[in-house]
Amino acid sequence: MVSRISARIGAISESATLAVDAKAKALKAAGRPVIGFGAGEPDFPTPDYIVEAAVEAARDPKNHRYSPAGGLPELKQAIVAKTKRDSGYEIEASQVLVTNGGKHAVYNTFATLLDPGDEVLLPAPYWTTYPETIRLAGGVPVEVLADESQNYLVTVEQLESARTEKTKALLFCSPSNPTGAVDTPEAVEAIGRWALEHDIWVITDEIYEHLTYGDTKSTSLPVVVPELADRTVVLNGVAKTYAMTGWRVGWMIGPKDVIKAATNLQSHQTSNVCNVAQRAAIAALTGDLSAVDEMKVAFDRRRKTMVQMLNEIPGVECPVPTGAFYAYPSVKGLLGKEINGKVANTSTELAAIILDEAEVAVVPGEAFGAPGYLRLSYALGDADLTEGVSRIAKLLS
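Note that this is a predicted model, so its numbers are computed, not measured.

**What about the side chain of threonine 179?**
By the secondary structure assignment, threonine 179 is in the loop between strand S5 (167-173) and helix H8 (185-197). For threonine 179, a relative accessible area of 4% gives the class buried. Within the local environment of threonine 179, its side chain forms a polar contact with the side chain of serine 176, the two groups lying 3.0 Å apart. Polar contacts involving the side chain of threonine 179 include one to the main-chain amide nitrogen of alanine 181, which spans 3.1 Å. Sequence-distant contacts of threonine 179, that is, excluding residues within four places in its chain, are made with Pro125, Tyr152, Pro321, Tyr326 and Tyr328.

Here it is as structure tokens:
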């Protein structure tokens, strides 16, 4: 029988993180006391001053009409100023494309850069969307695994071992989703110098740039290796920093020819991003970072609590994340062991047992290209976090 769905689309896996979150919410709606660690979504409301800017924008008839496909000029200028303020990277408005969330920026970038058969080096564990968007663009994701023994940080030597004549690009994400690992400035520079030497594009995802803890700071690759700027695309957005996941405003920053081509693509794909959301994003980016700092205090507290509790569970090993809002423990020590009469041989099976027996939703490592791990977001309330990890510990201990 001929498939009704194209092979290209039929090959895509659904987002594992969103699937876990949806299942947890469905069970909760059915009356089960499920605690979900699945989605990477701050539990805070969007700051009031941003919401008020959106309300005002919704009343203004100029926002009821089409606007430029590449983004409102005012928002592009705000992104230019914010990028210089936050990372020291100096750009022009013509290097910016405003997209419908960060995922849209990821897709536009790979669709613009890749030809069929081009290889993209993809450090694993990776965010679930990366390999799917690479494949949709005709590219080939080449996974490069960095496990807990190296704090989930890939090395230049590993990248060089995976490089072939077909290597077109490297996907770089620091702070990392799903691991929370953050590369040092020296490591970022070394990777950038390697990419420059081999004429490789770098797509660097900076969506978690503000979410670092202690003395750790994020480093923008084109700042430490400015010679690579002409072969670098920076991905970012308001979702994580400003608790605006549902507003769907992201952007890509790159060479002018790449941005022009991606804007042409978007002009046929979606046209402009919602004007009201863009106006809210302007308020977010032009305001101060005090609301962000308040959220970071809570994330930091939850981070320490979660990691300590996870590491107290026999068979669990959890490196301390220094960025984003995820813990990524190894659960290899639990595989093959009996848990309430059941045996999990994979982290996917373990996540299913935890959901069924403890009513806690976590995302298995298979979703991130690294079986044997679980991802838990600590972007949820303190009480739920403690209760959820306590349930897991009771089940597994």
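**So, the packing of aromatic side chains**
Following the criterion strictly, the structure yields ten aromatic pairs and no others. For the pair tyrosine 208 and phenylalanine 325, a centre-to-centre distance of 5.5 Å together with 90 degrees between the ring planes defines the contact as edge-to-face. Taken together, the positions of tyrosine 208 in the loop between strand S6 (201-205) and helix H9 (221-224) and phenylalanine 325 in the loop between helix H12 (290-311) and strand S9 (326-327) put the pair 117 residues apart, joining distant regions of the chain. Looking at phenylalanine 325, the relative accessible area reads 0%, which means it is buried. Ring centres 5.8 Å apart and planes at 75 degrees place the aromatic pair tyrosine 208 and tyrosine 326 in the edge-to-face group. With a gap of 118 residues between them, tyrosine 208 in the loop between S6 and H9 and tyrosine 326 in strand S9 connect regions that are remote in the sequence. Through a chain of ring-to-ring contacts, three or more aromatic side chains come together here, namely Phe44, Tyr208, Phe299, Phe325 and Tyr326.

**Description of the pairing of S6**
Of all five residues making up S6, five are buried, and the element is well covered by its neighbours. The side-chain alternation of S6 yields two buried faces, one formed by Trp201, Ile203 and Asp205 and the other by Val202 and Thr204. Here five bridges tie S5 to S6, and the two strands are oriented parallel to one another. Bridging across to S6, cysteine 173 finds its partner in aspartate 205. For the handedness criterion, the β-α-β arrangement of S5, H8 and S6 is classed as right-handed. Alignment of S6 against strand S7 (residues 232-237), held across four bridges, turns out to be parallel. Paired with aspartate 205 across the bridge in S7 is leucine 235.

**Some words on the packing of helix H5 (residues 101-113) against helix H6 (residues 129-136)**
The interhelical angle for the contact between H5 and H6, taken along N-to-C directions, is 35 degrees, at an axis separation of 8 Å. With respect to the hand of their crossing, H5 and H6 are arranged in right-handed fashion. Residues Lys103, Val106, Tyr107 and Phe110 of H5 touch H6, and the partners they reach there are Thr129, Tyr130, Thr133, Ile134 and Leu136. Across the contact of H5 with H6, the residue classes tally to six nonpolar, two polar and one charged.

**What about the nonpolar core?**
Among the nonpolar cores identified, the biggest contains 42 residues, and Phe37 and Ile354 are the most heavily contacted of them. Secondary-structure elements contributing two or more residues to this core are H12, S9, helix H13 (347-358), strand S14 (374-377) and helix H14 (382-396). The residues contacting isoleucine 354, other than those within four sequence positions of it, are Glu359, Val360, Val362, Leu374, Ile392, Leu395 and Leu396.

**Structural notes on the sheet that holds strand S3 (residues 119-124)**
Ordered by their spatial adjacency, seven strands build an open sheet running S2-S8-S7-S6-S5-S3-S4, and the pairing between neighbours is mixed. Here the strands that pair on one side only, and so sit at the sheet edges, are strand S2 (96-99) and strand S4 (140-145). Neighbour to neighbour, the strand axes of the sheet diverge by 20 degrees on average, direction disregarded. The sheet contact formed by S3 and S5 spans three bridges and is parallel. For leucine 121, the partnering residue across the bridge sits in S5 and is leucine 170. Packing against the sheet, helix H4 (residues 73-87) makes contact with S2, S7 and strand S8 (250-253), and its axis sits at approximately 115 degrees to S2.

Cut-offs and rules
- Residues numbered from 1 in each chain as written.
- Predicted model: local features only at pLDDT ≥ 70, side-chain atom pairs only at ≥ 80, totals over all residues.
- Heavy atoms only, no water.
- Helix = DSSP H or I, 4+ residues; strand = E, 2+ residues; numbered from the N terminus.
- Buried < 20%, exposed > 50% of the residue type's maximum accessible area, 1.4 Å probe, protein only.
- Polar contact = N/O pair within 3.5 Å; in protein donor to acceptor, adjacent residues only side chain to side chain.
- Contact = heavy atoms within 4.5 Å.
- Phe/Tyr/Trp six-rings, centres within 6.5 Å; stacked < 30°, edge-to-face > 60°.
- Pairing = 2+ DSSP bridges.
- Right-handed = clockwise from strand over helix to strand, strands pointing away.
- Axes fitted to C-alpha atoms, helices over the stretch in contact; angles between N-to-C directions.
- Left-handed = near helix turned anticlockwise from the far one by under 90°.
- Nonpolar A, V, L, I, M, F, W, Y, C, P; charged D, E, K, R; others polar.
- Core = buried A, V, L, I, M, F, W, Y, C linked by side-chain atoms within 4.5 Å.

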